[in-house]
Amino acid sequence: MNIRNLVTACLALACCTAFAAPAPAPEPVKGIPIAKPAELMKLAKVQTGLYTLRCAGMDKAQANFYGPYDATAPAAKGVCAVPRFGCSSVVNGNFVGRNMDYFNTPAPYFIVWTDGGKDHYASLAMSFAPLDKTNFIKTSQTAPDDINHYNTPEQLARLTTMALDGVNEKGLCCTTHVVDATDANNTDKGTNPGAPELSLFMVCRYVLDHAATADEAIELLKKRSIRVVDPQVVFHWIVADRNHCYIVEVADDQLRYTDKKRVMTNFLCTKPGINSHPYGLERMRILEEHYHEGTSVEGMYNLMRRVHFSQAYRLDTKPYWYSEKTGLNDDGSDITVQTPRYDPTLRKMMEEDAAALKVVTPENNPLMLWDTTYGNVYDMANKTMRLMMHEKYDTFYDAKL
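Let me sum up the structure you'll find in this document. Quick caveat: nothing in here was measured; it's all calculated off a predicted structure.

Some points on the state of the cysteines
Right, so step 1: Counted according to the given criterion, the structure contains zero disulfides.
Right, so step 2: Counting only cysteine sulfurs, Cys173 is the nearest neighbor of Cys245, a cysteine outside any disulfide, at a range of 9.6 Å.

What follows is the structure, encoded as structure tokens:
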């Protein structure tokens, strides 16, 4: 199996059965408190691949700092600068759980505290290594812990805007996911042509900086023009406060949103039907079935453990995870959620893929092993974050805004 097929298999492994994942086995846990850095714009190492950073934040008058759409960028010309990844998010009352499913690379992540200001709110968020003009994966792989690579003023300033999820001082929470959606029907027009532009990558940061409630976040995003970087890759977001929750998406060159769901994985929720590669159906089903568990920090933490991503390609997972795969049927169509999970053709295909992926390790190919790179639980009332790195559930970090 070549690298491209491995990537396809990795992406395909996470959706559509009618059984529940086993409950997580109880394990002793150890919490490690993380303090807000005393100095602005100075990185502090927590562990390999995890740093803390504090920044001053940006006022609304500086909104253009978030960056307009760049039609000359490689990503804008059909080459996506961000590798595909999966995620799961759940909102239950005061608590938000989020898993970031991604290649198990040594690329660093950052806990970012943003100080409040006259025209923006304080927040606590997670950020990924900043995008680079060179190959993104190669950069992450070749400079995993050379923090000097990320420690220039330009890179740090960009890094602070790249929030993947977070909570602000008003108790508003936002999480970011990717959808590999070939039927999103986006062009380069943007969601609101003529309005100030906002990059997909900066939506979470913009919301955390300037919205006090979920309703206000929707109104702010309506006034911006959000433009895609690749027609086949769409971001979507959960925006929630303690009273309201929205899934926000960009499809058909429109800002679309719904308050009908409180679980989000990696397919569009606001378009009729399911897009052609609905990664995440299985994770969504499990999270909806066990949704009642997420009514505390500990309960939400354990709920997100049910869908940790590495089990999606492990042959020894009981029960085994089945997934979506293009070209399974004789007519070339995808299997669907109606495909019997014990279908012999499906099982043979999935076992072959899982066997191929089982020999991929961080040592022989660190870019091809998927796991839940980090998992977060936010307490919106207390503005806290509980962070787990690389499925090490016996140890977590606690941070407070």
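Next, the rest of the story.
Overview of the sheet that holds strand β3 (residues 50-55)
Right, so step 1: The sheet built from nine strands is open, its strands ordered β2-β3-β6-β7-β8-β9-β12-β13-β14 with mixed pairing. Here the strands that pair on one side only, and so sit at the sheet edges, are β2 (44-47) and β14 (254-258). Direction aside, neighbouring strands of the sheet carry axes that sit 20 degrees apart on average.
Right, so step 2: Where strand β13 (residues 245-251) meets β14, five bridges bridge the pair, whose relative direction is antiparallel. The partner of Ala251 across the bridge, within β14, is Gln254.
Right, so step 3: Those strands touched by helix α4 (residues 203-210) are β6 (109-114), β7 (123-128), β8 (163-168), β9 (173-180) and β12 (233-240), and its axis lies near 10 degrees from that of β8.

Focus on the nonpolar core
Right, so step 1: Counting 41 residues, the largest nonpolar core has Val207, Leu221, Trp237 and Val239 as the members making the most contacts within it.
Right, so step 2: Listed by contribution, the elements that provide at least two residues to this core are β9, α4, α5 (214-222), β12 and β13.
Right, so step 3: Counting residues in hydrophobic clusters, the runner-up holds 30 residues, among them Val96, Ile238, Ala240 and Cys269.

Calculation criteria
- Residues numbered from 1 in each chain as written.
- Predicted model: local features only at pLDDT ≥ 70, side-chain atom pairs only at ≥ 80, totals over all residues.
- Heavy atoms only, no water.
- Disulfide = S-S within 2.5 Å.
- Pairing = 2+ DSSP bridges.
- Helix = DSSP H or I, 4+ residues; strand = E, 2+ residues; numbered from the N terminus.
- Axes fitted to C-alpha atoms, helices over the stretch in contact; angles between N-to-C directions.
- Contact = heavy atoms within 4.5 Å.
- Core = buried A, V, L, I, M, F, W, Y, C linked by side-chain atoms within 4.5 Å.
- Buried < 20%, exposed > 50% of the residue type's maximum accessible area, 1.4 Å probe, protein only.

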